[in-house]
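Letter by letter, the chains look like this.
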Amino acid sequence: QKEVEQDPGPLSVPEGAIVSLNCTYSNSAFQYFMWYRQYSRKGPELLMYTYSSGNKEDGRFTAQVDKSSKYISLFIRDSQPSDSATYLCAMTTYNQGGKLIFGQGTELSVKP
Amino acid sequence: NAGVTQTPKFRILKIGQSMTLQCTQDMNHNYMYWYRQDPGMGLKLIYYSVGAGITDKGEVPNGYNVSRSTTEDFPLRLELAAPSQTSVYFCASHQGGNEKLFFGSGTQLSVL
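Just so it is clear, the structure is predicted and the values come from calculations on it, not from any experiment.

Engineer: What is the right way to look at unusual backbone geometry in this model?
Structural biologist: The phi angle of most residues is negative, glycine excepted, and most peptide bonds adopt the trans form. Cis geometry is adopted by the peptide bond preceding P8 of chain B, which originates at T7 of chain B and carries an omega value of -5°. With respect to the helices and strands, the residue P8 of chain B is situated in the loop between strand 1 (4-7) and strand 2 (10-13). Of note, K70 of chain A is a non-glycine position whose phi angle comes to about 55°, a positive value. As for its placement among the helices and strands, K70 of chain A is situated in the loop between strand 7 (61-66) and strand 8 (71-76).

In structure tokens, the structure reads:
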């Protein structure tokens, strides 16, 4: 069993749709949860960062963490063609800094 | 600031050849990392460094070597290239703790 599981997609939605991206994990020691966005032929860039359980909102993006279910989600409201990218979940334990465990990434396409 | 800079962007190697992937950052970060990204597999940690003169293995270190003689530079060395090392390589850095990880734009390597 992989430590972090993410549906690779691809996922195609019309502009304006609500997008839900998810990851499950097996290591209960994970405390820091991140979502990275990666455009084609570019490096990942941090989109959302959450510590422990709960929700975090930033503009059209909402990250949710449910540690009891070992499940994290990223919601994108009013999706735009510019949101078309691969979204990677990542997580780590206390004091492990940049030693992240990544999901496989979900390829998202938002059609005008 | 340029951030994290990787060279070259693309490279084709023959089996058994050697090469060094260069990575430099201008943010005075102590922590630097090398990840590889294979299709549908997310990113996996190869090596990392917590400061000049200190390096350690990540999840997939076999076939690679690193050095960290300065804070700015963290080169990754492939001594005997193998087809299994065909991948996209990303260098990343951060200040410490659980601060944001900054990625370079990657080196796409093919070993034929």
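There is more to say, and it comes next.
Engineer: I keep staring at the side chain of T62 of chain A and nothing clicks. Help me out?
Structural biologist: All names here are of chain A. Topologically, T62 is positioned in strand 7. One polar contact links T62 to R77, side chain to side chain, over a distance of 2.9 Å. Not counting the four nearest positions on each side in its chain, T62 is found in contact with M48, K56, E57, S73, L74, F75 and R77.

Engineer: I keep staring at the sheet that holds strand 3 (residues 19-25) of chain B and nothing clicks. Help me out?
Structural biologist: Backbone-to-backbone hydrogen bonds pair the strands of a sheet. The strands run either parallel or antiparallel. Residue and element names in this part refer to chain B. Spatially, the four strands line up as an open sheet ordered 1-3-8-7, and their pairing is antiparallel. Single-partner strands in this sheet number two, and they are strand 1 and strand 7 (64-66). On average, adjacent strands in this sheet sit at an angle of 20° to one another, irrespective of strand direction. One ladder, built from three bridges, connects strand 7 with strand 8 (residues 76-78); its direction is antiparallel. In the sheet register, V66 faces strand 8, and the bridge partner there is L76.

Engineer: How should I be thinking about the pairing of strand 11 (residues 107-111) of chain B in this particular structure?
Structural biologist: The side chains of a regular strand alternate between the sheet's two faces. Residue and element names in this part refer to chain B. In strand 11, alternate side chains face the same way, and those of T107, L109 and V111 are buried while those of Q108 and S110 on the opposite face are not. Relative to strand 11, strand 2 runs parallel, the two sharing four bridges. When the bridges of strand 11 are listed, R11 appears paired with L109. The pairing of strand 9 (residues 87-94) with strand 11 spans three bridges and is antiparallel.

So, how was this worked out
Residues numbered from 1 in each chain as written. Chains lettered and ligands numbered in written order. Predicted model: local features only at pLDDT ≥ 70, side-chain atom pairs only at ≥ 80, totals over all residues. Heavy atoms only, no water. Helix = DSSP H or I, 4+ residues; strand = E, 2+ residues; numbered from the N terminus. Polar contact = N/O pair within 3.5 Å; in protein donor to acceptor, adjacent residues only side chain to side chain. Contact = heavy atoms within 4.5 Å. Pairing = 2+ DSSP bridges. Axes fitted to C-alpha atoms, helices over the stretch in contact; angles between N-to-C directions. Buried < 20%, exposed > 50% of the residue type's maximum accessible area, 1.4 Å probe, protein only.

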